[in-house]
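Commentary on secondary and tertiary structure
Spelled out, the chains give:
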Amino acid sequence: MVNCVITIRVFWKKKSKQPPKLETRGTSNKYFFKLALLGDGAVGKTNLRRQYLGQGFTSDHLMTIGADFAAHDIALKHQGEEYQITMQIWDLAGQETFSAVRSKYYRGCFGGLVIFDRTRPVSFDNITSWIDELVKHSTRGLVPIVILGNKSDLVDSADNVVKEKKVMAYVDKINEENADIGFKINYYDTSALTGLNVDDAFTTLGTEILSWILSKK
Ligand code: G3D
Ligand code: MG
């Protein structure tokens, strides 16, 4: 695990770029962020987005083909000033294995939610490669990321769960090794079923992106 983090850090350092100037919509305090959901199949990406958009949880298998996006407007504060943000959230429906599609999907992203399933340890082991892929294709280098340990409602009844301590060690290591990137990688334990921390995760991602970009203006 430690070796993995160090390898990634070298890649991120090489690829990191200055954040771009924000495109404004109408007034100078209205901004638009493209965001991607990343993670193994069935970790809960689509349901997390549905929860955030107020569409509720579904256990129906979603057969959508291709990339799907939806927009959500939120107000965020930065240094006492209010900003109107449109979060455009991209969900790669059912095609996690097609890397050619994914590179287009990531293009121009300002941030990502990197999701694993608390009850499926292999999905946690894979988050490094998901982050790596976002960095490679975002066209902006390393962008703000929030890591989500989803299906936390199942943790008490599952046999083999990813321990929060292990996740925090991973997140702390990334933040230590990349202390100069201008934003923090955050972690939330979530449940798309109960809604636990779903709003907070998206808000934190938006806030990190906004303050990162405004600090460089
Ligand atoms: P994906 O978009 O990452 O592929 P989905 O994942 O959102 O389609 O979810 C995959 C399966 O996990 C779905 O069940 C869904 O209901 C379930 N799921 C997603 N998030 C949670 C969660 O937080 N808690 C619980 N208990 N289940 C969750 P099916 O039955 O369709 O496989
Ligand atoms: Mg999905």
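Quick note: structure is the one above.
I will try to describe carefully the structure that is included in this document. Residue positions are counted from 1 within each chain, in the order its sequence is given. For naming, the first written chain is A and the first written ligand is 1, with later ones following in the order written. Residues qualify for local features only when their pLDDT is at least 70, as the model is predicted, and side-chain atom pairs are given and counted only at 80 or more; totals for whole chains, interfaces and linings, by contrast, use all residues. Heavy atoms from the whole structure form the basis of all side-chain values; hydrogens and water molecules are not counted.

**Side note on the packing of helix H3 (residues 99–106) against helix H5 (residues 127–137)**
Interaxial angle, 0 to 180 degrees, is taken between N-to-C directions of lines fitted to C-alpha atoms, where a helix line uses only the stretch in contact. Put simply, DSSP H or I for four residues or longer makes a helix, DSSP E for two residues or longer makes a strand, and each gets a number counted from the N terminus. Between H3 and H5, the least distance of the axes is 8 Å, while the angle of their chain directions is 60°. Comparing the axis directions of H3 and H5 gives the class oblique. Of the two possible hands of crossing, H3 and H5 adopt the one that is right-handed. Mapping the contact onto sequence places Arg102, Ser103 and Tyr106 in H3 and Trp130, Glu133, Leu134 and His137 in H5. Per-class residue counts for the contact of H3 with H5 are three nonpolar, two polar and two charged. Here the word oblique covers every angle except those under 35 degrees (roughly parallel), over 145 (roughly antiparallel) and from 65 to 115 (roughly perpendicular). Handedness of a crossing is defined here by the sense of rotation of the near helix relative to the far one, left-handed for an anticlockwise turn of less than a right angle and right-handed for a clockwise turn. By the convention used here, residues are in contact when the closest approach between their heavy atoms is within 4.5 Å. Basically, the charged four are Asp, Glu, Lys and Arg, the nonpolar ten are Ala, Val, Leu, Ile, Met, Phe, Trp, Tyr, Cys and Pro, and anything else, Gly included, counts as polar.

**Overview of the pairing of strand S3 (residues 66–78)**
Pairing between strands requires that DSSP locate at least two bridges from one strand to the other. The sheet contact formed by S3 and strand S4 (residues 81–93) spans 13 bridges and is antiparallel. Bridge pairing links alanine 71 to glutamine 88 in S4.

**Some words on the nonpolar core**
Nonpolar core, defined: a set of buried Ala, Val, Leu, Ile, Met, Phe, Trp, Tyr and Cys residues in which side-chain atoms within 4.5 Å join the residues together. Buried residues are those whose accessible area, probed at 1.4 Å on protein chains only, stays under 20% of the maximum for their type, while exposed residues exceed 50% and partly exposed ones sit between those limits. Counting residues in hydrophobic clusters, the biggest one holds 59 residues, and the most contacted among them are Phe33, Ile85, Met87 and Ile147. Looking at which element gives the most residues to this core, the answer is helix H7 (residues 198–215), with nine residues. Not counting chain neighbours up to four residues away, the residues in contact with methionine 87 comprise Phe33, Leu35, Tyr52, Ala70, Ala71, His72, Ile74, Phe202 and Gly206.

**Here's the deal with the pattern of salt bridges**
In what follows, salt bridge is the name for a side-chain nitrogen of Lys or Arg lying within 4 Å of a carboxyl oxygen of Asp or Glu. According to the stated counting rule, one finds six salt bridges in the structure shown. In this structure, the salt-bridge partner of arginine 120 is aspartate 117, at a minimum N-O distance of 3.7 Å. Arginine 120 gets classed as partly exposed once you look at its relative accessible area, which sits at 27%. Through salt bridges with shared partners, one network takes in Asp117, Arg120 and Lys151.

**Looking at the side chain of serine 191**
Turning to its location among the elements, serine 191 is positioned in the loop between strand S7 (186–189) and H7. In protein, a polar contact means a hydrogen-donor-capable atom and an acceptor-capable atom, both N or O and within 3.5 Å, with residues adjacent in sequence counting only if both atoms are side-chain atoms; elsewhere, any N or O pair within 3.5 Å suffices. Here the side chain of serine 191 touches leucine 193 through a polar contact of 3.1 Å, landing on its backbone nitrogen. A polar side-chain atom of serine 191 sits 3.0 Å from the main-chain amide nitrogen of threonine 194. Beyond its immediate chain neighbours, meaning those up to four positions away, serine 191 contacts Asn150, Lys151, Ser152, Asp153, Leu196 and Val198.

**Examining the environment of alanine 36**
Position of alanine 36 among the secondary structure elements: in strand S2 (residues 27–38). What makes alanine 36 buried here is its relative accessible area of 1%. Along the chain, alanine 36 and glycine 108 lie 72 residues apart, while their C-alpha atoms are 9.8 Å from each other. Sequence-distant contacts of alanine 36, that is, excluding residues within four places in its chain, are made with Trp90, Tyr105, Tyr106, Cys109, Gly111, Gly112 and Leu113.

**Here we look at the packing of helix H2 (residues 45–52) against H7**
Orientation of H2 relative to H7, taken along the N-to-C sense of each, is 90°, at an axis distance of 9 Å. Judged on the interaxial angle alone, H7 and H2 are roughly perpendicular. On H7, the residues touching Leu48, Arg49, Gln51 and Tyr52 of H2 are Val198, Asp199 and Phe202. The class makeup of the residues in the contact of H2 with H7 is four nonpolar, one polar and two charged.

**Details of the packing of aromatic side chains**
In this analysis, rings of Phe, Tyr and Trp, with Trp reduced to its six-membered ring, are considered paired at centre separations within 6.5 Å, and the interplanar angle assigns stacked below 30 degrees, edge-to-face beyond 60, and tilted for intermediate values. One pass over the structure, following the stated rule, counts ten aromatic pairs. A ring pair is formed by phenylalanine 124 and tyrosine 170, whose centres lie 5.6 Å apart and whose planes are at 70°; its orientation type is edge-to-face. A residue pair is termed long-range when its members are at least 10 positions apart, and phenylalanine 124 in helix H4 (residues 121–125) and tyrosine 170 in helix H6 (residues 164–177) qualify at 46 residues. For the pair phenylalanine 124 and tyrosine 170, a shared accessibility class is recorded, and that class is buried. Among the aromatic side chains, those forming a connected cluster through ring pairs are Phe69, Trp90, Tyr105 and Tyr106. Taking the ring centre of tryptophan 90 as reference, the NZ or CZ of lysine 34 above it sits at 4.7 Å. We call a charge positioned over a ring when the NZ of a Lys or the CZ of an Arg lies within 6 Å of the ring centre and within 35 degrees of the ring normal.

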